[in-house]
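# Residue-level structural notes
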Amino acid sequence: MSFITTLTRMWLTRSTKPFTFTDEYDNVLPYSQCDGLGLYVHIPFCKSLCTFCPYCKTAYSKEKCDRYIDALLKEIELVGNRNGKRKQCTSLYFGGGTPALAAERIGEIVAALRKYFDITEGIGLELHPDNVTPETLRQLKAAGVTRISIGIQSFLPKFQQVLGRKPVDTAAMKSALDEVKFETVSMDFIFALPGQTFEDLRSDVDRAFEIGANHVAIYPFIDFTFTPGKVKPLAKRQKRALLDRITDYCSEKGLKRDSIWTFSSETGAKYSSMTRDNFLGFGCSATTLLQRQFKVNTFSVEAYINRIDAGMLPTSLTIRFTPRQRMIYYLFWTLYSTRLDPSDFEKFFGVPLHKMYGMEFALARLLGFLTLENGVYKMTLKGAFYYHHYENYYTLAYIDKMWGIMREQAFPEKIEL
(Lines give C-alpha, C1' and ligand atoms only; values in the text may rest on other atoms or scores of the structure.)
Protein backbone atom coordinates (compact mmCIF):
# COMPACT_ATOMS: atom_id res chain seq x y z
CA MET A 1 0.00 0.00 0.00
CA SER A 2 2.73 2.47 0.93
CA PHE A 3 4.50 1.58 -2.37
CA ILE A 4 1.43 2.58 -4.40
CA THR A 5 0.85 5.84 -2.52
CA THR A 6 4.56 6.72 -2.59
CA LEU A 7 4.77 6.30 -6.36
CA THR A 8 1.57 8.28 -6.86
CA ARG A 9 2.80 11.08 -4.58
CA MET A 10 6.17 11.27 -6.34
CA TRP A 11 4.58 11.40 -9.78
CA LEU A 12 1.87 13.96 -8.99
CA THR A 13 4.11 16.27 -6.94
CA ARG A 14 7.03 15.80 -9.36
CA SER A 15 9.28 15.29 -6.34
CA THR A 16 10.85 12.48 -4.31
CA LYS A 17 10.35 14.43 -1.09
CA PRO A 18 7.81 13.01 1.40
CA PHE A 19 5.02 15.01 3.01
CA THR A 20 6.83 16.35 6.07
CA PHE A 21 4.92 17.56 9.14
CA THR A 22 6.93 19.37 11.82
CA ASP A 23 6.23 21.06 15.14
CA GLU A 24 6.52 24.52 13.55
CA TYR A 25 4.20 26.93 15.32
CA ASP A 26 2.28 29.96 14.04
CA ASN A 27 0.80 32.41 16.51
CA VAL A 28 -1.57 33.81 13.87
CA LEU A 29 -3.49 31.75 11.30
CA PRO A 30 -3.49 33.65 7.98
CA TYR A 31 -7.06 32.96 6.89
CA SER A 32 -8.25 36.51 6.09
CA GLN A 33 -7.44 36.18 2.37
CA CYS A 34 -8.89 32.68 1.99
CA ASP A 35 -12.07 32.35 -0.07
CA GLY A 36 -14.52 29.48 0.45
CA LEU A 37 -13.56 29.19 4.11
CA GLY A 38 -15.34 26.57 6.22
CA LEU A 39 -15.32 26.05 10.00
CA TYR A 40 -15.03 22.78 11.91
CA VAL A 41 -15.36 22.16 15.67
CA HIS A 42 -14.38 18.84 17.27
CA ILE A 43 -16.08 17.61 20.45
CA PRO A 44 -14.23 14.37 21.39
CA PHE A 45 -16.57 12.89 24.02
CA CYS A 46 -18.62 9.69 23.74
CA LYS A 47 -20.76 7.75 26.22
CA SER A 48 -19.24 4.52 24.86
CA LEU A 49 -16.23 4.08 22.56
CA CYS A 50 -16.95 2.13 19.37
CA THR A 51 -14.09 -0.23 18.53
CA PHE A 52 -14.28 0.46 14.77
CA CYS A 53 -14.10 4.27 15.06
CA PRO A 54 -10.66 5.86 14.33
CA TYR A 55 -11.50 9.43 15.31
CA CYS A 56 -10.14 11.33 18.29
CA LYS A 57 -12.46 10.53 21.19
CA THR A 58 -12.52 9.96 24.94
CA ALA A 59 -15.01 8.79 27.56
CA TYR A 60 -17.56 11.45 28.49
CA SER A 61 -17.78 13.16 31.85
CA LYS A 62 -19.67 16.43 32.27
CA GLU A 63 -16.85 18.01 34.28
CA LYS A 64 -14.21 17.21 31.66
CA CYS A 65 -16.49 18.19 28.79
CA ASP A 66 -17.22 21.57 30.38
CA ARG A 67 -13.49 22.22 30.94
CA TYR A 68 -12.85 21.33 27.33
CA ILE A 69 -15.55 23.64 26.00
CA ASP A 70 -14.26 26.48 28.17
CA ALA A 71 -10.88 25.99 26.47
CA LEU A 72 -12.55 25.74 23.06
CA LEU A 73 -14.19 29.13 23.57
CA LYS A 74 -10.75 30.55 24.42
CA GLU A 75 -9.25 29.02 21.26
CA ILE A 76 -11.94 30.72 19.16
CA GLU A 77 -11.08 34.04 20.82
CA LEU A 78 -7.35 33.53 20.25
CA VAL A 79 -7.81 32.80 16.54
CA GLY A 80 -10.45 35.46 15.93
CA ASN A 81 -8.79 38.29 17.87
CA ARG A 82 -5.46 37.80 16.12
CA ASN A 83 -7.03 38.09 12.66
CA GLY A 84 -8.43 41.53 13.41
CA LYS A 85 -11.57 41.57 11.26
CA ARG A 86 -14.79 39.67 10.62
CA LYS A 87 -14.60 36.99 7.91
CA GLN A 88 -17.29 35.41 5.74
CA CYS A 89 -17.30 31.60 5.76
CA THR A 90 -19.41 28.98 4.05
CA SER A 91 -20.45 26.69 6.86
CA LEU A 92 -19.83 25.33 10.34
CA TYR A 93 -19.68 21.64 11.24
CA PHE A 94 -19.52 19.98 14.65
CA GLY A 95 -17.95 16.52 14.64
CA GLY A 96 -16.64 14.08 17.20
CA GLY A 97 -16.96 12.14 19.27
CA THR A 98 -20.56 12.89 20.01
CA PRO A 99 -21.06 16.67 19.97
CA ALA A 100 -24.74 16.39 20.89
CA LEU A 101 -23.61 15.36 24.41
CA ALA A 102 -22.83 19.06 24.81
CA ALA A 103 -26.13 20.22 23.28
CA GLU A 104 -26.76 22.77 26.04
CA ARG A 105 -23.45 24.53 25.21
CA ILE A 106 -23.52 24.42 21.39
CA GLY A 107 -25.24 27.83 21.39
CA GLU A 108 -22.29 29.34 23.31
CA ILE A 109 -19.83 27.99 20.76
CA VAL A 110 -21.90 29.25 17.82
CA ALA A 111 -22.19 32.70 19.43
CA ALA A 112 -18.41 32.85 19.99
CA LEU A 113 -17.77 31.99 16.33
CA ARG A 114 -20.35 34.48 15.06
CA LYS A 115 -18.33 37.29 16.67
CA TYR A 116 -15.64 36.71 14.05
CA PHE A 117 -17.34 34.81 11.21
CA ASP A 118 -20.42 35.33 9.06
CA ILE A 119 -21.75 31.80 8.42
CA THR A 120 -23.62 31.81 5.08
CA GLU A 121 -24.57 28.17 4.35
CA GLY A 122 -25.75 26.68 7.62
CA ILE A 123 -24.55 24.71 10.63
CA GLY A 124 -24.23 20.92 10.78
CA LEU A 125 -23.81 18.59 13.76
CA GLU A 126 -23.31 14.84 14.24
CA LEU A 127 -25.50 12.79 16.57
CA HIS A 128 -25.51 9.28 18.00
CA PRO A 129 -28.94 7.62 17.59
CA ASP A 130 -29.45 7.93 21.37
CA ASN A 131 -29.28 11.74 21.00
CA VAL A 132 -32.23 11.93 18.62
CA THR A 133 -34.82 13.07 21.15
CA PRO A 134 -37.18 16.06 20.89
CA GLU A 135 -35.44 17.82 23.80
CA THR A 136 -31.95 17.54 22.31
CA LEU A 137 -33.13 18.41 18.80
CA ARG A 138 -34.89 21.54 20.11
CA GLN A 139 -31.71 22.63 21.92
CA LEU A 140 -29.68 22.20 18.75
CA LYS A 141 -32.17 24.04 16.58
CA ALA A 142 -32.30 26.93 19.07
CA ALA A 143 -28.49 27.11 18.86
CA GLY A 144 -28.70 27.63 15.10
CA VAL A 145 -28.07 24.07 13.82
CA THR A 146 -29.70 23.56 10.41
CA ARG A 147 -28.29 20.15 9.40
CA ILE A 148 -27.87 16.98 11.40
CA SER A 149 -26.07 13.72 10.65
CA ILE A 150 -27.04 10.61 12.60
CA GLY A 151 -24.46 7.81 12.88
CA ILE A 152 -26.70 4.80 12.34
CA GLN A 153 -24.05 2.49 10.74
CA SER A 154 -26.73 -0.21 10.28
CA PHE A 155 -30.31 -0.86 11.34
CA LEU A 156 -29.75 -4.62 11.06
CA PRO A 157 -29.09 -6.56 14.29
CA LYS A 158 -26.42 -8.79 12.70
CA PHE A 159 -24.24 -5.78 11.86
CA GLN A 160 -25.06 -3.89 15.04
CA GLN A 161 -23.65 -6.90 16.86
CA VAL A 162 -20.51 -6.93 14.68
CA LEU A 163 -19.95 -3.21 15.32
CA GLY A 164 -20.80 -3.32 19.02
CA ARG A 165 -23.83 -1.05 18.59
CA LYS A 166 -27.21 -1.49 20.22
CA PRO A 167 -30.57 -1.56 18.39
CA VAL A 168 -32.09 1.71 17.17
CA ASP A 169 -35.63 2.63 18.25
CA THR A 170 -36.76 3.71 14.79
CA ALA A 171 -40.31 4.61 15.90
CA ALA A 172 -39.00 7.01 18.55
CA MET A 173 -36.47 8.44 16.07
CA LYS A 174 -39.16 9.07 13.45
CA SER A 175 -41.38 10.74 16.03
CA ALA A 176 -38.57 13.07 17.16
CA LEU A 177 -37.61 13.97 13.57
CA ASP A 178 -41.25 14.64 12.69
CA GLU A 179 -41.54 16.96 15.70
CA VAL A 180 -38.34 18.98 15.17
CA LYS A 181 -37.48 19.74 11.55
CA PHE A 182 -34.06 20.44 10.00
CA GLU A 183 -33.02 21.41 6.46
CA THR A 184 -30.91 18.26 6.18
CA VAL A 185 -31.36 15.02 8.08
CA SER A 186 -28.51 12.75 7.02
CA MET A 187 -27.97 9.18 8.19
CA ASP A 188 -24.57 7.45 8.00
CA PHE A 189 -24.12 3.80 7.06
CA ILE A 190 -21.09 1.56 6.70
CA PHE A 191 -20.67 -0.70 3.70
CA ALA A 192 -18.19 -3.51 2.97
CA LEU A 193 -18.82 -5.23 6.30
CA PRO A 194 -18.18 -9.01 6.34
CA GLY A 195 -21.13 -10.88 4.87
CA GLN A 196 -22.98 -7.71 3.87
CA THR A 197 -25.19 -8.01 0.78
CA PHE A 198 -26.90 -5.53 -1.51
CA GLU A 199 -30.22 -6.45 0.10
CA ASP A 200 -28.81 -5.58 3.53
CA LEU A 201 -27.60 -2.18 2.39
CA ARG A 202 -30.76 -1.45 0.41
CA SER A 203 -32.93 -2.15 3.46
CA ASP A 204 -30.84 0.32 5.51
CA VAL A 205 -31.18 3.04 2.86
CA ASP A 206 -34.92 2.47 2.50
CA ARG A 207 -35.45 2.54 6.26
CA ALA A 208 -33.53 5.81 6.55
CA PHE A 209 -35.82 7.64 4.13
CA GLU A 210 -38.91 6.06 5.72
CA ILE A 211 -38.12 7.51 9.15
CA GLY A 212 -37.17 11.02 8.15
CA ALA A 213 -33.81 11.22 6.34
CA ASN A 214 -33.49 13.29 3.17
CA HIS A 215 -29.81 12.42 2.75
CA VAL A 216 -27.71 9.30 3.32
CA ALA A 217 -23.96 8.71 3.49
CA ILE A 218 -22.65 5.22 2.72
CA TYR A 219 -19.05 5.04 3.89
CA PRO A 220 -16.65 2.14 3.31
CA PHE A 221 -15.41 0.23 6.32
CA ILE A 222 -11.65 0.78 6.75
CA ASP A 223 -9.58 -1.45 9.02
CA PHE A 224 -7.30 1.00 10.88
CA THR A 225 -4.32 -0.62 12.57
CA PHE A 226 -4.78 1.22 15.89
CA THR A 227 -8.48 0.50 16.42
CA PRO A 228 -9.21 -2.50 18.69
CA GLY A 229 -11.98 -3.97 16.54
CA LYS A 230 -11.40 -7.27 14.72
CA VAL A 231 -13.80 -6.70 11.82
CA LYS A 232 -12.33 -7.32 8.37
CA PRO A 233 -13.79 -5.58 5.26
CA LEU A 234 -14.99 -7.28 2.10
CA ALA A 235 -12.57 -8.10 -0.70
CA LYS A 236 -12.08 -5.60 -3.55
CA ARG A 237 -14.36 -7.34 -6.07
CA GLN A 238 -17.19 -7.70 -3.57
CA LYS A 239 -16.83 -4.06 -2.52
CA ARG A 240 -17.06 -2.85 -6.10
CA ALA A 241 -20.14 -4.95 -6.82
CA LEU A 242 -21.82 -3.68 -3.66
CA LEU A 243 -20.96 -0.02 -4.31
CA ASP A 244 -22.06 -0.24 -7.96
CA ARG A 245 -25.39 -1.88 -7.08
CA ILE A 246 -26.31 0.54 -4.30
CA THR A 247 -25.32 3.50 -6.52
CA ASP A 248 -27.54 2.18 -9.33
CA TYR A 249 -30.36 1.59 -6.84
CA CYS A 250 -30.15 5.15 -5.48
CA SER A 251 -30.17 6.50 -9.04
CA GLU A 252 -33.25 4.41 -9.87
CA LYS A 253 -35.01 5.86 -6.82
CA GLY A 254 -34.35 9.36 -8.14
CA LEU A 255 -31.76 10.23 -5.51
CA LYS A 256 -29.07 12.76 -6.39
CA ARG A 257 -25.47 11.72 -5.90
CA ASP A 258 -23.65 14.74 -4.43
CA SER A 259 -20.36 13.07 -3.48
CA ILE A 260 -18.61 9.71 -3.68
CA TRP A 261 -20.62 8.30 -0.77
CA THR A 262 -23.69 10.53 -0.40
CA PHE A 263 -27.17 10.64 -1.92
CA SER A 264 -30.05 13.04 -1.30
CA SER A 265 -33.79 12.97 -1.96
CA GLU A 266 -34.34 16.75 -1.85
CA THR A 267 -32.65 19.70 -3.55
CA GLY A 268 -30.50 21.50 -1.01
CA ALA A 269 -30.17 18.51 1.33
CA LYS A 270 -26.43 18.07 1.77
CA TYR A 271 -23.98 17.17 4.48
CA SER A 272 -20.22 17.23 4.02
CA SER A 273 -17.49 19.09 5.89
CA MET A 274 -14.70 17.96 3.56
CA THR A 275 -15.17 19.70 0.22
CA ARG A 276 -13.99 23.18 1.23
CA ASP A 277 -11.16 25.07 -0.46
CA ASN A 278 -9.95 26.25 2.96
CA PHE A 279 -11.09 25.64 6.51
CA LEU A 280 -10.33 26.43 10.13
CA GLY A 281 -10.50 23.67 12.74
CA PHE A 282 -11.09 24.18 16.46
CA GLY A 283 -10.65 21.58 19.21
CA CYS A 284 -8.65 18.40 19.70
CA SER A 285 -7.42 16.76 16.47
CA ALA A 286 -9.11 19.44 14.35
CA THR A 287 -7.26 20.34 11.16
CA THR A 288 -6.82 23.70 9.47
CA LEU A 289 -6.26 23.98 5.71
CA LEU A 290 -5.10 27.33 4.35
CA GLN A 291 -3.66 28.37 1.00
CA ARG A 292 -0.11 27.24 1.74
CA GLN A 293 -0.29 25.14 4.89
CA PHE A 294 -2.09 22.37 6.71
CA LYS A 295 -2.15 22.19 10.53
CA VAL A 296 -3.29 19.56 13.03
CA ASN A 297 -4.22 20.25 16.65
CA THR A 298 -3.05 17.94 19.42
CA PHE A 299 -5.11 14.79 20.02
CA SER A 300 -4.73 15.02 23.82
CA VAL A 301 -7.62 16.67 25.68
CA GLU A 302 -5.44 17.61 28.67
CA ALA A 303 -2.60 18.92 26.49
CA TYR A 304 -5.15 20.90 24.48
CA ILE A 305 -6.63 22.54 27.60
CA ASN A 306 -3.17 23.30 29.05
CA ARG A 307 -1.94 24.86 25.80
CA ILE A 308 -5.00 27.08 25.51
CA ASP A 309 -4.79 28.11 29.19
CA ALA A 310 -1.21 29.22 28.49
CA GLY A 311 -2.50 31.56 25.77
CA MET A 312 -1.13 29.45 22.91
CA LEU A 313 -2.81 27.78 19.95
CA PRO A 314 -3.01 23.96 20.28
CA THR A 315 -1.17 23.24 17.00
CA SER A 316 0.71 19.96 17.11
CA LEU A 317 1.99 19.57 13.53
CA THR A 318 2.26 21.77 10.43
CA ILE A 319 3.12 21.10 6.80
CA ARG A 320 4.16 23.95 4.49
CA PHE A 321 2.87 22.92 1.08
CA THR A 322 4.84 23.11 -2.12
CA PRO A 323 2.59 24.39 -4.94
CA ARG A 324 2.20 20.86 -6.35
CA GLN A 325 1.38 19.38 -2.93
CA ARG A 326 -1.37 21.95 -2.45
CA MET A 327 -2.73 21.18 -5.91
CA ILE A 328 -2.92 17.46 -5.13
CA TYR A 329 -4.75 18.10 -1.88
CA TYR A 330 -7.19 20.38 -3.72
CA LEU A 331 -7.83 17.87 -6.50
CA PHE A 332 -8.25 14.90 -4.17
CA TRP A 333 -10.94 16.49 -2.03
CA THR A 334 -12.65 18.42 -4.84
CA LEU A 335 -13.11 15.18 -6.76
CA TYR A 336 -14.81 13.77 -3.64
CA SER A 337 -17.83 15.69 -4.92
CA THR A 338 -17.58 13.60 -8.18
CA ARG A 339 -17.05 16.71 -10.34
CA LEU A 340 -14.30 19.23 -11.06
CA ASP A 341 -14.56 22.51 -12.93
CA PRO A 342 -11.13 23.42 -14.38
CA SER A 343 -12.01 27.11 -14.13
CA ASP A 344 -12.24 26.77 -10.33
CA PHE A 345 -8.76 25.23 -10.26
CA GLU A 346 -7.37 28.07 -12.37
CA LYS A 347 -9.04 30.68 -10.18
CA PHE A 348 -7.58 29.11 -7.03
CA PHE A 349 -4.03 28.53 -8.31
CA GLY A 350 -3.67 31.09 -11.10
CA VAL A 351 -2.62 28.45 -13.62
CA PRO A 352 -4.68 26.27 -16.03
CA LEU A 353 -5.38 22.70 -14.93
CA HIS A 354 -4.34 21.30 -18.32
CA LYS A 355 -0.91 22.92 -17.97
CA MET A 356 -0.27 21.18 -14.63
CA TYR A 357 -2.13 17.87 -15.02
CA GLY A 358 -3.42 17.71 -18.58
CA MET A 359 -1.83 14.32 -19.26
CA GLU A 360 -3.22 12.79 -16.05
CA PHE A 361 -6.77 13.95 -16.78
CA ALA A 362 -6.54 12.77 -20.39
CA LEU A 363 -5.46 9.34 -19.11
CA ALA A 364 -8.31 9.29 -16.58
CA ARG A 365 -10.78 9.91 -19.41
CA LEU A 366 -9.14 7.23 -21.57
CA LEU A 367 -9.43 4.69 -18.72
CA GLY A 368 -13.09 5.55 -18.22
CA PHE A 369 -12.70 7.19 -14.80
CA LEU A 370 -13.90 10.64 -15.92
CA THR A 371 -16.01 12.24 -18.63
CA LEU A 372 -15.79 15.85 -19.82
CA GLU A 373 -19.19 17.47 -20.18
CA ASN A 374 -19.60 21.17 -21.02
CA GLY A 375 -16.07 21.80 -19.82
CA VAL A 376 -16.58 20.07 -16.44
CA TYR A 377 -15.03 16.74 -15.43
CA LYS A 378 -17.52 14.24 -14.00
CA MET A 379 -16.65 10.98 -12.33
CA THR A 380 -18.03 7.74 -13.76
CA LEU A 381 -19.23 4.76 -11.73
CA LYS A 382 -15.88 3.10 -12.43
CA GLY A 383 -14.04 6.26 -11.41
CA ALA A 384 -15.99 6.48 -8.14
CA PHE A 385 -15.01 2.95 -7.21
CA TYR A 386 -11.33 3.48 -7.94
CA TYR A 387 -11.41 6.77 -6.06
CA HIS A 388 -12.73 4.78 -3.11
CA HIS A 389 -10.12 2.08 -3.66
CA TYR A 390 -7.26 4.57 -3.78
CA GLU A 391 -8.63 6.47 -0.78
CA ASN A 392 -8.36 3.22 1.16
CA TYR A 393 -4.63 3.05 0.30
CA TYR A 394 -4.21 6.75 1.13
CA THR A 395 -5.98 6.35 4.47
CA LEU A 396 -3.90 3.36 5.58
CA ALA A 397 -0.59 4.77 4.30
CA TYR A 398 -0.98 8.34 5.57
CA ILE A 399 -3.88 8.95 7.97
CA ASP A 400 -3.45 5.66 9.82
CA LYS A 401 0.22 6.39 10.47
CA MET A 402 -0.26 10.02 11.50
CA TRP A 403 -3.27 9.42 13.76
CA GLY A 404 -1.59 6.37 15.30
CA ILE A 405 1.41 8.49 16.33
CA MET A 406 -0.65 11.45 17.50
CA ARG A 407 -2.80 9.26 19.73
CA GLU A 408 0.40 8.42 21.62
CA GLN A 409 2.28 11.75 21.44
CA ALA A 410 0.59 15.09 22.12
CA PHE A 411 3.26 17.08 20.26
CA PRO A 412 5.49 14.95 17.97
CA GLU A 413 8.59 16.69 16.62
CA LYS A 414 8.21 15.41 13.07
CA ILE A 415 6.26 12.94 10.95
CA GLU A 416 7.17 12.03 7.36
CA LEU A 417 4.54 10.44 5.11
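Everything numeric here is computed off the predicted structure, so don't read it as measured data. (Residues numbered from 1 in each chain as written. Predicted model: local features only at pLDDT ≥ 70, side-chain atom pairs only at ≥ 80, totals over all residues. Heavy atoms only, no water.)

So, about helix α13 (residues 381–408). In this model, α13 (28 residues) spans 39 Å end to end at C-alpha, consistent with the 40 Å of a helix rising 1.5 Å per residue. Largest kink in α13: about 40 degrees, centred on Thr 395. (Helix = DSSP H or I, 4+ residues; strand = E, 2+ residues; numbered from the N terminus. Expected span 1.5 Å × (residues − 1). Bend = angle between axes of the 7 residues up to and from the residue.)

It is worth spelling out the nonpolar core at this point. Membership of the largest hydrophobic core comes to 132 residues, with the highest contact counts inside it found for Phe 94, Ile 109, Phe 117, Met 187, Leu 280 and Phe 282. Tallying contributions element by element places α13 first for this core, with 11 residues. Cys 50, Ile 190, Phe 221 and Val 231 belong to the second-largest nonpolar core, a separate cluster that totals 10 residues. (Core = buried A, V, L, I, M, F, W, Y, C linked by side-chain atoms within 4.5 Å. Buried < 20%, exposed > 50% of the residue type's maximum accessible area, 1.4 Å probe, protein only.)

Listing the buried residues of helix α11 (residues 342–349) in full gives Phe 345, Phe 348 and Phe 349. In a view along the axis of α11, the buried residues occupy a sector of 80 degrees, so they form one face of it. Gly 350 sits one or two positions beyond α11 and adopts a positive phi of about 75 degrees. (Arc of directions from axis to C-beta.)

On to the packing of helix α4 (residues 134–143) against helix α6 (residues 170–179). Packing of α4 against α6 leaves a shortest axis separation of 9 Å and a crossing angle of 35 degrees. You can see that α4 and α6 cross each other, and the crossing is right-handed. Every residue of α6 that contacts α4 at Pro 134, Leu 137 and Arg 138 is listed here: Ala 176, Leu 177 and Glu 179. For the contact of α4 with α6, a count of residues per class yields 4 nonpolar, no polar and 2 charged. (Axes fitted to C-alpha atoms, helices over the stretch in contact; angles between N-to-C directions. Left-handed = near helix turned anticlockwise from the far one by under 90°. Contact = heavy atoms within 4.5 Å. Nonpolar A, V, L, I, M, F, W, Y, C, P; charged D, E, K, R; others polar.)

Moving on, we come to the sheet that holds strand β20 (residues 376–379). The strand order β18-β20-β19 describes an open sheet built from 3 strands, whose pairing is antiparallel. Unpaired on one side and paired on the other, β18 (339–340) and β19 (370–373) mark the two borders of the sheet. (Pairing = 2+ DSSP bridges.)

Moving on to the packing of helix α3 (residues 103–114) against α4. Two numbers describe a pair of packed helices, the interaxial angle and the distance between the axes. The interhelical angle for the contact between α3 and α4, taken along N-to-C directions, is 5 degrees, at an axis separation of 8 Å. In terms of orientation, α3 and α4 fall into the roughly parallel class. Where α3 approaches α4, its residues Ala 103, Glu 104, Ile 106, Gly 107 and Val 110 are matched on the opposing element by Thr 136, Gln 139, Leu 140 and Ala 143. Across the contact of α3 with α4, the residue classes break down as 5 nonpolar, 3 polar and 1 charged. (Parallel < 35°, antiparallel > 145°, perpendicular 65-115°, else oblique.)

Glancing now at the pairing of strand β9 (residues 147–153). Burial analysis of β9 places 7 of its 7 residues in the buried class, the great majority of the element. In β9, alternate side chains face the same way, and those of Arg 147, Ser 149, Gly 151 and Gln 153 on one face and Ile 148, Ile 150 and Ile 152 on the other are all buried. Note that strand β8 (residues 123–127) and β9 share 4 bridges and pair parallel. Within the sheet, the bridge partner assigned to Leu 127 lies in β9 and is Ile 150.

The next point concerns empty space enclosed by the protein. Per the counting criterion, the structure on display carries 2 cavities of 30 Å³ or more. Together, Leu 29, Glu 75, Val 79, Gly 281, Thr 288, Lys 295, Asn 297, Leu 313, Pro 314 and Thr 315 line the largest cavity. Looking at the lining of the largest cavity, the elements with two or more residues in it are α2 (62–83) and β16 (293–297). Residue composition of the lining of the largest cavity, by class: 4 nonpolar, 4 polar and 2 charged. Counted as a void, the second largest cavity has a volume near 30 Å³. If you go around the second largest cavity, the residues you meet are Thr 51, Phe 52, Phe 221, Ile 222, Asp 223, Phe 224, Thr 227, Gly 229 and Val 231. In terms of residue class, the lining of the second largest cavity is made up of 5 nonpolar, 3 polar and 1 charged. (1 Å grid on protein atoms, 1.4 Å probe; cavity = no way out; pocket = protein on both sides within 12 Å on 5 of 7 lines; lining within 4 Å. Points joined across faces, edges and corners; volume = space filled by probe spheres on them.)

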